[in-house]
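Examining the three-dimensional arrangement
Spelled out from the first residue to the last, the chains are:
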Amino acid sequence: MRDGVKLFTLVYTPKDGTKPYPILMNRTPYNASGYGDYKTGGHPSKYLVQDGYILVFQDVRGRYMSGGSYNNMTPNIPGNDVKNKTAIDESSDTWDSIDWMIKNLKNNNGKVGIYGISYPGFYSAAALVDAHPALKASSPQAPISDFFFDDFHHMGAYLQSYSAAFAVFGYQKADTTRQDWFEPQLMRMFGQTVKDGYDYHLRMGALKNMTRNIHHDNFFWDQIINHPNYDTFWQKRNILPHLKNITPAVLTVGGWFDAEDLYGPLNIYKSIEQTSPGAKNSLVMGPWGHGDWASERGKSTHNHLYFGDSISTYFQRDIEQPFFAYHLKGIGTDKQPEAHLFNTGTKEWQSFDVWPPANLPTYRFYFGERGKLSINKPLPEEARFDYVSDPAKPVPYTSETEGLTFTPRRFMSDDQRHASRRPDVLTFETDTLAEAVTLAGEILTKLKVAMTGTDADFVVKLIDVYPQDHPEYEHNPKNVTMGSYQQLVRSEVFRGRFRASFSTPEPFTAGRMTDVTVPLQDVLHTFKRGHRIMIQIHSTWFPYIDRNPQKYVDNIYKADEKDFIKSTITVSGASVMEAGGDLKKKKVF
């Protein structure tokens, strides 16, 4: 690199040296020597391997065999000043790597593509900023874009279910040859026999106990707990504002059921659309969890749901392979639609000229007495709906008992009957649909709330309720019944203290009705005729997210046990969910 640091890079060159090949690169913090083994690791797909590329896998700065110090979501430094030896970020490291490869790797055709899933997806997005002229195509897949809204946080709330993952990201290595430098710290949690994660985390108590017992020497955890708000520390790590004047072709990929990185792909695509209207910019969203499109299991399922056969193969063979072949080899045609998205209700692919679609309707859902949910017909606004939120008895995020997870995944399409039967969950439901309803685009819930405490979280769920006679799926265990299944379609949490600003939190005034706007990530889902639409609202979701004390404290990571109190939450009948279309253009946001 320009500052003299060396990055460990594996290069696999086709044996046939009689013709030039493009370079296909993957930059990873997860060990290029193992994660990047194209023969066993599944990266890239067999279709790309068979096509003939110079395959490159690189440990990013400070990881595994590479030199330098590691930095999570390295802040981007605008402009690519090659002469400035101290202006180092992921864009400059990618630029320097490409420049070296173009000049030193034999039989390359002068064109480079980059791809990656999850954190490598972020590096693929960062490569677009001040891109090297040889970079012709990038595919950020399940990319992180902003750690305050992806992975470890959602709308200001901390994802406690990710706590075991901190060991991977929070320790510098002293020796570049060590492959397991964080293993002892990782086993502080995973070394325990934990069959019930809900019970384990509840007994852990306040998050300050996590600091004392688990992560006391973890630099990333220290950054998290000392930056509880969206201050400059997090703002500098947001890649979205830097995605300007994009010149390489971009294929952003995500999964509708990705619990880790759903915000990233949608907002990377939208940011490039806004700032670089001339860029070749495409979006693919399938019925997958995190990175599931990289492997083919034959039957395409997520948790209890079946979506079809060989859907990952379709993506790899008919979307990803032609994308790189065209932009790096000049083979084929550029037929990729602007947005190629899977409808998780009708279970079919749909193509759009623009996303979110501008020509599809926005539906409004109103909340009424006795759990009534009305579509496009306002109900009396004077209605009030109460529930008591108790941090000592939080609503479980999943219907199943799970142990410790590195990151939870299956719950994104989980059955919500366990929640709808609880008194601390407000449940609203339409009548049986006489006609199908398709929601395509953005979702925004405008709540009017009051409480006896001074802080609260708000979890909003959009749910598809199946008819009683829905057939069973053969892949499910016998205890899973699809009749009246309440499929989670989309959900989000919002930490109420950030209702005016993610940078400047403020308490609620007890008893005062207050507006809280909860944005949910985009959706493409058809609620079929004979189904019902359900919306749930509650204030704990454990241990997916941490517990809000419900008494306002400056820093929840440092709250004491005595700060956790019950609170009666009131939701006004004047609240509404708006779903479908481009809500920003319609000035709903």
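Everything discussed here concerns the structure shown above.
In this report, we go over the structure that sits alongside the text. What you are looking at is a predicted structure, and each value in this text was computed from that prediction instead of being measured. (Residues numbered from 1 in each chain as written. Predicted model: local features only at pLDDT ≥ 70, side-chain atom pairs only at ≥ 80, totals over all residues. Heavy atoms only, no water.)

1. Thoughts on the pattern of salt bridges
This is how it is decided: Salt bridges are defined by distance alone: a side-chain nitrogen of Lys or Arg within 4 Å of a carboxyl oxygen of Asp or Glu. Working definition: helices are DSSP H or I runs of at least four residues, strands are E runs of at least two. Numbering for both runs from the N terminus. Burial status follows relative accessibility: with a 1.4 Å probe on protein chains alone, a residue under 20% of its type maximum counts as buried, one over 50% as exposed, and anything between as partly exposed.
Enumeration according to the criterion identifies 29 salt bridges in this entry. Ionic pairing is found between glutamate 578 and lysine 446, a salt bridge with its closest N-O pair at 3.8 Å. One end of the pair, glutamate 578, is in strand β24 (residues 576–579); the other, lysine 446, is in strand β18 (residues 437–451), with 132 residues separating them in the sequence. Here glutamate 578 falls in the buried class, since its relative accessible area comes to 6%. Counted as one network, the salt bridges with shared partners bring together Lys208, Lys551, Asp560, Lys562 and Asp563.

2. Considerations on empty space enclosed by the protein
Using the following cut-off: Note on definitions: the grid is 1 Å and covers protein atoms alone; a cavity is a set of points where a 1.4 Å probe fits but cannot get out; a pocket is an open set with protein on both sides within 12 Å along at least five of seven lines; lining residues have an atom within 4 Å of a point. Grid points are joined across faces, edges and corners, and a volume is the space filled by probe spheres set on the points. Three classes are used, and their members are as follows: Ala, Val, Leu, Ile, Met, Phe, Trp, Tyr, Cys and Pro are nonpolar, Asp, Glu, Lys and Arg are charged, and the others, Gly among them, are polar.
For the structure shown, the criterion picks out 7 cavities of 30 Å³ or more. Within this model, the largest cavity holds a volume of roughly 120 Å³. Looking at the largest cavity, it is lined by 16 residues, and the ones nearest its centre are His154, Ala259, Leu262, Glu492 and Tyr544. Per element, the largest residue contribution to the lining of the largest cavity is 3 residues, and it comes from strand β20 (residues 486–495). Considered class by class, the residues forming the lining of the largest cavity number 7 nonpolar, 3 polar and 6 charged.

3. Structural notes on the sheet that holds strand β2 (residues 21–28)
Which entries qualify depends on this criterion: Should DSSP find at least two bridges between two strands, the strands are regarded as paired. A fitted line through C-alpha atoms represents every axis, and for helices the fit uses only the stretch in contact; the resulting angles, taken between N-to-C directions, go from 0 to 180 degrees.
The 9 strands are arranged β1-β3-β2-β4-β5-β8-β9-β12-β13 in an open sheet whose pairing can be described as mixed. Both outer strands of the open sheet, β1 (9–12) and β13 (348–352), are each paired with one neighbouring strand and no more. Geometrically, the sheet is characterised by an average inter-axis angle of 20 degrees between neighbouring strands, direction not taken into account. Where β2 and strand β4 (residues 108–117) come together, 4 bridges link them in parallel fashion. From the neighbouring strand, methionine 25 faces β4, where its bridge partner is isoleucine 114.

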